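Coordinate analysis (summary)
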Amino acid sequence: MRAGTGMTAADTGASAHGLGPTGSLTAEAEAAKLLPFLAPGARADLQEEAVRHVLALTGSGPGRTLLAGQAALLRALVEFAAAPAPAPAPARDAARALVNLAADAGLHEPLLAAEPGLPARLLGRALDPQWPWAEEAAAVLANLSREPAPCASLMEALTAAEPGESGLERLVRALCTPGYNARAPLHYLGPVLSNLSQRPAARAFLLDPDRCVIQRLLPLTQYPDSTVRRGGVVGTLRNCCFEHRHHEWLLGPEVDILPFLLLPLAGPEDFSEEEMEQLPVDLQYLPPDKKREPDADIRKMLIEAIMLLTATAPGRQQVRDQGAYLILRELHSWEPESDVRVACEKLIQVLIGDEPEHGMENLLEVQVPEDVEQQLQQLDQQEQEQCQREQQERELSPESQAEGAAPT
């Protein structure tokens, strides 16, 4: 996930306001020459121009590598991107530069070394309902929190003792409240929450029955305006489904998670009356223009979440009883992506296959012998390679080339 202008350092050419032609300088000297113009006392127009140069540098791998060694320059970017309100003029480009830098996992360490408090400071900006560049701040956090160390630092900032509601509660409220920030949609809080939900403490918060967090997230599985937000929420729900001790609650009437996972996978199929009665009410008699989730990665995560809910014998029975097989059967016939189709096949096999023998009912707790695990990994690798070959064959087929051809 990267933001930016599409410019490179070469695109900027000679600059105004006394910065001089960059072509005559080495890259290191260029970066060093920018520092005086990023100082707090510099003229605002010079600051803006200098930050634009830095943003252009972040558009290329060599530029990002160069900036990784410039701790003072990185600190200056953070000061603009996370400054107290009102937002300084270079704040947006500074935040976008940080998005590009944080997209490279290898640069997380120098970023945090230059400003250890970066996650906490950006969190404050992302959750400020008045901050105009809150979406960019959330995007930086989404990139940073993919890696364990920054994710731990962000979690620490969220759980720091504060009066009133906790940081996680504020994050969920911002994600689930339409118009929380009138100038920023905050879609990237979805991936932030998904990354955080890989941590046990975050899952404990999300799965606390007294907080009703999961129930607030469920409608966002159908959020029409952003694949990023939908994907983040579905990823969060999938991660929560790893906690098999909560499956009975998740599948029960208090949460009733399964219809929210199945509905995005459902199409406009016309089932028989007998089959229709097996489905939850929300999946019955869907309109003829009902569309499935368009993003293949999200479809796969939805399937994975349901698969996790079938880890225990009671969970498998509840998923069967709610007609999941019918939705998955039709999805498998329709699914164009081979890796998603394979995931769907595995889930169908669990639902229609024989129950595991006594002592192995909880599939998440089964101890797999090392040699069997290696064989399964080899089979998974073969499946992935087969999926890649099928994808390449589709892309090279005459029909695919004809579809992509420009009209003459």
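The structure this text deals with has already been given above.
Since the model is a prediction, treat every value here as computed from it, not as a measurement. (Residues numbered from 1 in each chain as written. Predicted model: local features only at pLDDT ≥ 70, side-chain atom pairs only at ≥ 80, totals over all residues. Heavy atoms only, no water.)

**Observations concerning the packing of helix H5 (residues 71-81) against helix H6 (residues 91-102)**
Threshold: Fitted lines through C-alpha atoms serve as axes, helices being fitted only where they are in contact, and the angles separating the N-to-C directions of these axes extend from 0 to 180 degrees. Per the convention used, a helix needs a DSSP run of H or I reaching at least four residues, while a strand needs a run of E reaching at least two, with both numbered from the N terminus. These descriptions rest on fixed angle ranges, namely under 35 degrees for roughly parallel, over 145 for roughly antiparallel, 65 to 115 for roughly perpendicular, and the rest for oblique. Two helices crossing with the near one rotated counterclockwise from the far one by less than a right angle form a left-handed crossing, whereas a clockwise rotation gives a right-handed crossing. Here a residue-residue contact requires only that any non-hydrogen atoms of the pair lie within 4.5 Å. Basically, the charged four are Asp, Glu, Lys and Arg, the nonpolar ten are Ala, Val, Leu, Ile, Met, Phe, Trp, Tyr, Cys and Pro, and anything else, Gly included, counts as polar.
In contact at an axis separation of 8 Å, H5 and H6 are set at 125° when each is read in the N-to-C sense. It follows from the interaxial angle that H5 and H6 lie oblique. Considering how the two elements wind past one another, H5 and H6 form a crossing that is left-handed. In this structure, H5 contributes Leu74, Leu77, Val78, Phe80 and Ala81 to the contact, and H6 contributes Ala91, Ala94, Ala95, Ala97, Leu98 and Leu101. For the contact of H5 with H6, the class distribution of residues is 11 nonpolar, no polar and no charged.

**Quick look at the nonpolar core**
Under the convention used in this document: We define the nonpolar core as a collection of buried residues of types Ala, Val, Leu, Ile, Met, Phe, Trp, Tyr and Cys that are connected through side-chain atoms lying within 4.5 Å of one another. For the exposure calls, accessible area comes from a 1.4 Å probe over protein chains only, and a residue counts as buried if that area is under 20% of its type's maximum, exposed if over 50%, partly exposed in between.
Grouped together as the largest cluster of nonpolar side chains are 113 residues, with contacts concentrated most on Leu77, Leu189, Leu196, Ile214, Leu250, Ile257 and Leu328. If sequence neighbours within four positions are ignored, leucine 328 has contacts with Leu265, Cys344, Leu347, Ile348 and Leu351.

**Section: helix H21 (residues 324-334)**
Three or more residues of H21 are buried, namely Ala324, Leu326, Ile327, Leu328 and Leu331. Close packing links the buried residues of H21 with helix H17 (258-262), helix H18 (273-278), helix H19 (296-309), helix H20 (313-321) and helix H22 (338-352).

**Digging into the environment of glycine 117**
Residue placement: glycine 117 occurs in the loop between helix H7 (108-114) and helix H8 (118-126). As a C-alpha pair, glycine 117 and valine 78 span 39 residues in sequence and 9.8 Å in three-dimensional space.

**Examining unusual backbone geometry**
Glycine aside, a negative phi is what most residues show, and trans is what most peptide bonds show. A positive phi angle, near 55°, is found at cysteine 212, a position not held by glycine. Counting through the fold element by element, cysteine 212 comes out in the loop between helix H13 (200-206) and helix H14 (213-217). In this structure, tyrosine 285 is a non-glycine residue whose phi angle is positive, near 50°. You can see tyrosine 285 is positioned in the loop between H18 and H19.

**Quick look at the environment of glycine 69**
Following the sequence through the fold, glycine 69 ends up in the loop between helix H4 (61-68) and H5. Separated by 41 residues in the primary sequence, glycine 69 and glutamate 28 have C-alpha atoms spaced 9.1 Å apart.

**Some details on the pattern of salt bridges**
Heads up, the condition is: Any Lys or Arg side-chain nitrogen located within 4 Å of an Asp or Glu carboxyl oxygen qualifies as a salt bridge.
Within this structure, the stated rule accounts for 20 salt bridges. Arginine 92 is paired through a salt bridge with glutamate 136; the nearest N and O atoms lie 3.9 Å apart. Residue arginine 92 is located in helix H6, and its partner glutamate 136 is located in helix H9 (residues 134-144); the two are separated by 44 residues in the primary sequence. Between glutamate 165 and arginine 173 there is a salt bridge whose closest N-O contact spans 2.4 Å. Owing to a relative accessible area of 29%, glutamate 165 belongs among the partly exposed residues under this scheme. Since its relative accessible area comes to 33%, arginine 173 is described here as partly exposed. Among the ionic contacts, a cluster of salt bridges with common partners joins Glu48, Glu49 and Arg52.

Function cannot be read off these values alone, since they describe shape.
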